[in-house]
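Residue-level structure breakdown
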Amino acid sequence: MATQMAEKSNTGAPAPMESVDVLIVGAGISGIGMAVHLRDKCPGKSFALVERRDEIGGTWNLFQYPGIRSDSDMHTLGYKFEPWTEQKAIADGPSIMEYLHRIKAKHDLEKHIHFGQKVLSASWSSEDARWTVTAEKSDGSQVVMHANFLYMGSGYYDYDQGYDAKIEGIENFKGDVVHPQFWPKDFDYSGKKVVIIGSGATAVTIVPVMAEKAAHVTMLQRTPTWYFARNAKDHLANFLRKIMPDQWAYNIIRKKNVWMQDLTFNMARKKPEKIIKKLEKPLKKELGDKYNKEDYTPPYGPWEQRLCLVPDSDMFKAISAGTADVKTGHIETVTADGIKLKSGETLDADVIVTATGLKLAVAGKVAFEVDGKPINFHDHFYYKGCMFSDIPNMAIVFGYLNASWTLKADIVSEYTCRLLNHMDATSTRIANPVLSETVEEEELFDFSSGYIKRSINELPRNSTKMPWKLNQDYLFDKKILLKDPIDDGVIQFYGPNSASVSGDEPQLEAAE
């Protein structure tokens, strides 16, 4: 069980220090999911969650821009253990927050969460077989926690700053400049001319919602994006819930959607022309004579970057109605009252929204060290897509680029629970994926997205084969993480006296 101790804060006052078996960093989708799996599969383990904000939800609590919603269906963005029962499968931010709060209450997680604590550093000691984690509170004081195992559910981007695209002349603009990651509360854009710079998922979400109140909305893109239009409601899922228990219906739709995602992704890579025809059909239908092929045909194939979801064709309907439009071009400079393009065209604006992308951050920008040596993640390889070479007792969630984040979060949580139970069964305290051979390296992501290319030299490394690899294949990962033996001859287990041991693990139910 957790034990309470005392530690001096940087203000000189006593601050509580907690020692737990598992410390979860982040109370968003990844962290909440891990807490539930841990209670279910490792009921004897003590645990705590540390969350820098004053609320659970992570991404869904941070982002408050107009229309914030999921860009994946909730039958896969939802957890396997908690069915999504709302009518809309493409859910808005408040509905997702309500879902997370329901889970938090159902599993009595509130007492385990330490809000308002930003993790600054994590130091591993092989001699003590534990992590020492230092976090900063809002008043500047610091707290220290000890944990045998560290689970990083802190997301993949920088919470403190978005990507700065260095837009020429932006300082000259006399109107409002807003970044979606830091949307002002109660910001009134009624009757104003809005230019949204960017054409990714965030821009596509904002356009139709702002178009309802703004005088006009223009989405300015350097290059087009592939769009996937689908119904916000899953009519089959809604029908199945009427004739069978919610969990049964949820499981069926979840498996169906996983299969369809996998089929579509593979088809896009093998026969992109077939997918292109399917993607173009709803655009042409909704836009009619306003469809300009050049504005909707990227210079790359489908799924070379993530597809942008357009539920109920809402953005296309706004364009068709004349309340929004799309411009393709490069910015020459921002003026006092708009944007001048290199083509010579000028876009008048009262508001500029810089939906130019996210800035990636590995493991929440926490300063890591192992046995006194600072960790540079680019020096380490992924192990089974959820641990790192030569970093003991730590797991991390990096979701899929071609499928829902939670699919990965669920199976990483289950794998970590299998790992912890194996350690208990073999009386070991350290699990270290030891890289003892030279491996062939390949790019971490086979995606051309700008936010990935900008950060590639800061990210962990990737091999051509398992286990030193991060995959974009849920069905393959599910087998590796939930079915294959924990003791694979690569990850090393050590007992109290640092003697490597192995043994059989207890069997856990992993069927979905």
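Structure report, in brief.

1. Focus on the overall build of the chain
- In terms of helices and strands, the chain carries 12 helices and 27 strands.
- The C-alpha atoms of the chain give 24 Å as radius of gyration, which agrees with the globular expectation for 512 residues (24 Å, within 12%).
- Within the chain, contacts between residues at least 6 apart in sequence are counted, and of these 71% link residues at least 24 apart.
- As displayed, the chain has an accessible area near 22400 Å², and 49% of this comes from carbon and sulfur atoms.
- Of the side chains in the chain, 61 bear a positive and 69 a negative charge, and the two mean positions are spaced by 5 Å.

2. What about the nonpolar core?
- Within the largest apolar cluster, 97 residues are counted, with the highest numbers of intra-cluster contacts made by Ile32, Ile196, Met210, Val217, Tyr227, Met315 and Leu419.
- Sorting elements by how many residues they give to this core places helix α10 (residues 405–425) first, with 10 residues.
- The residues touching Leu419, leaving out its near neighbours within four places in the chain, are Phe149, Met387, Ala431, Ile486, Ile491 and Phe493.
- Ranked by size, the runner-up nonpolar core spans 35 residues in total, among them Ala129, Ala135, Met394 and Leu459.

3. Quick look at the sheet that holds strand β10 (residues 216–221)
- Strands sit in the order β8-β17-β9-β10-β13 across an open sheet of five strands; the sheet is parallel. Pairing within the sheet leaves two strands with one partner each, and these edge strands are β8 (176–178) and β13 (324–328). Neighbouring strand axes in the sheet, compared pairwise and without regard to direction, differ in orientation by 20 degrees on average.
- One ladder, built from five bridges, connects strand β9 (residues 193–197) with β10; its direction is parallel. Its bridge partner being in β10, Lys193 is matched across the sheet by His216.
- Contacting β9, β10, β13 and β17 (351–354), helix α5 (residues 201–210) runs over the sheet at an angle of about 170 degrees to β9.

4. Focus on α10
- The end-to-end C-alpha separation of α10 is 31 Å, in line with the 30 Å expected for 21 residues at 1.5 Å each.
- By the criterion of burial, α10 is predominantly enclosed, with 19 of the 21 residues buried.
- The positive-phi residue at the C-terminal boundary of α10 is Ser427, with phi of around 55 degrees.

5. Focus on the sheet that holds strand β14 (residues 331–335)
- If you trace the three strands from one edge of the open sheet to the other, you get β14-β15-β16, paired in antiparallel fashion. Unpaired on one side and paired on the other, β14 and β16 (346–348) mark the two borders of the sheet. For this sheet the average axis-to-axis angle between neighbouring strands, irrespective of direction, equals 20 degrees.
- Pairing between β14 and strand β15 (residues 338–341): four bridges, direction antiparallel. If you follow Thr335 over to β15, its bridge partner there is Gly338.

6. A short note on unusual backbone geometry
- In the segment running from Met466 into Pro467, the intervening peptide bond is cis, with an omega of 5 degrees.
- Mapping Pro467 onto the fold places it in the loop between β25 (462–463) and α12 (474–482).
- Here Asp108, not a glycine, exhibits a phi torsion of approximately 55 degrees, which is positive.
- Among the residues examined, Asp108 registers a relative accessible area of 37% and is labelled partly exposed.
- For Lys384, which is not glycine, the phi dihedral falls at a positive 55 degrees.
- With respect to the helices and strands, Lys384 occurs in the loop between β20 (382–383) and β21 (387–388).

7. Concerning the pattern of salt bridges
- Within the structure shown, the criterion is met by 20 salt bridges.
- The shortest N-O distance in the salt bridge between Lys256 and Asp234 comes to 3.9 Å. Residue Lys256 is found in helix α7 (residues 246–270), and its partner Asp234 is found in the loop between β11 (227–230) and α6 (235–243); the two are separated by 22 residues along the sequence.
- Lys293 is the partner of Glu280 in a salt bridge, and the nearest nitrogen-oxygen pair spans 2.9 Å. With Glu280 in helix α8 (residues 272–287) and Lys293 in the loop between α8 and β12 (308–311), the pair connects residues that are 13 residues apart, well separated along the chain.
- Under the relative-accessibility criterion, Lys293 is labelled partly exposed at 46%.
- Here the salt bridges do not stand alone but share partners, grouping Asp40, Lys41, Lys80 and Glu414 into one network.

8. Notes on a positive patch on the surface
- On the surface, a cluster of positive charge is contributed by Lys271, Lys274, Lys277 and Lys278.
- Looking at the element boundaries, Lys271 is found in the loop between α7 and α8.

9. Quick notes on the packing of aromatic side chains
- Overall, the coordinates contain 18 aromatic pairs when judged by the stated rule.
- Taking 5.4 Å as the distance between ring centres and 65 degrees as the angle between the ring planes, the aromatic pair formed by Trp84 and Tyr99 counts as edge-to-face. In this pair, Trp84 is assigned in the loop between α3 (74–77) and α4 (93–106) and Tyr99 in helix α4, connecting sequence segments 15 residues apart.
- Judged by relative accessible area, which is 3%, Tyr99 ranks as buried.
- Ring centres 6.3 Å apart and planes at 80 degrees place the aromatic pair Tyr400 and Tyr474 in the edge-to-face group. Of this pair, Tyr400 sits in the loop between β22 (394–396) and α10 while Tyr474 sits in helix α12, and the two are 74 residues apart along the sequence.
- Taking relative accessible area as the criterion, Tyr400 reaches 3% and is therefore assigned buried.
- Residue Tyr474 is classed as buried on the basis of its relative accessible area, which comes to 6%.
- It is Lys408 that lies over the ring of Tyr400; its NZ or CZ is 5.2 Å from the centre.

Conventions and cut-offs
- Residues numbered from 1 in each chain as written.
- Predicted model: local features only at pLDDT ≥ 70, side-chain atom pairs only at ≥ 80, totals over all residues.
- Heavy atoms only, no water.
- Helix = DSSP H or I, 4+ residues; strand = E, 2+ residues; numbered from the N terminus.
- Rg over C-alpha atoms; globule rule 2.2 N^0.38 Å.
- Contact = heavy atoms within 4.5 Å.
- Areas by Shrake-Rupley, 256 points an atom, 1.4 Å probe, with all protein chains shown as cover.
- Lys, Arg positive; Asp, Glu negative; His and termini not counted.
- Charge placed at Lys NZ, Arg CZ, Asp CG, Glu CD.
- Core = buried A, V, L, I, M, F, W, Y, C linked by side-chain atoms within 4.5 Å.
- Buried < 20%, exposed > 50% of the residue type's maximum accessible area, 1.4 Å probe, protein only.
- Pairing = 2+ DSSP bridges.
- Axes fitted to C-alpha atoms, helices over the stretch in contact; angles between N-to-C directions.
- Expected span 1.5 Å × (residues − 1).
- Salt bridge = Lys/Arg side-chain N within 4 Å of Asp/Glu carboxyl O.
- Patch = residues over 30% accessible without salt bridge, like charges linked within 9 Å, V, L, I, M, F, W, Y side chains within 5 Å.
- Phe/Tyr/Trp six-rings, centres within 6.5 Å; stacked < 30°, edge-to-face > 60°.
- Lys NZ or Arg CZ within 6 Å of the ring centre and 35° of its normal.

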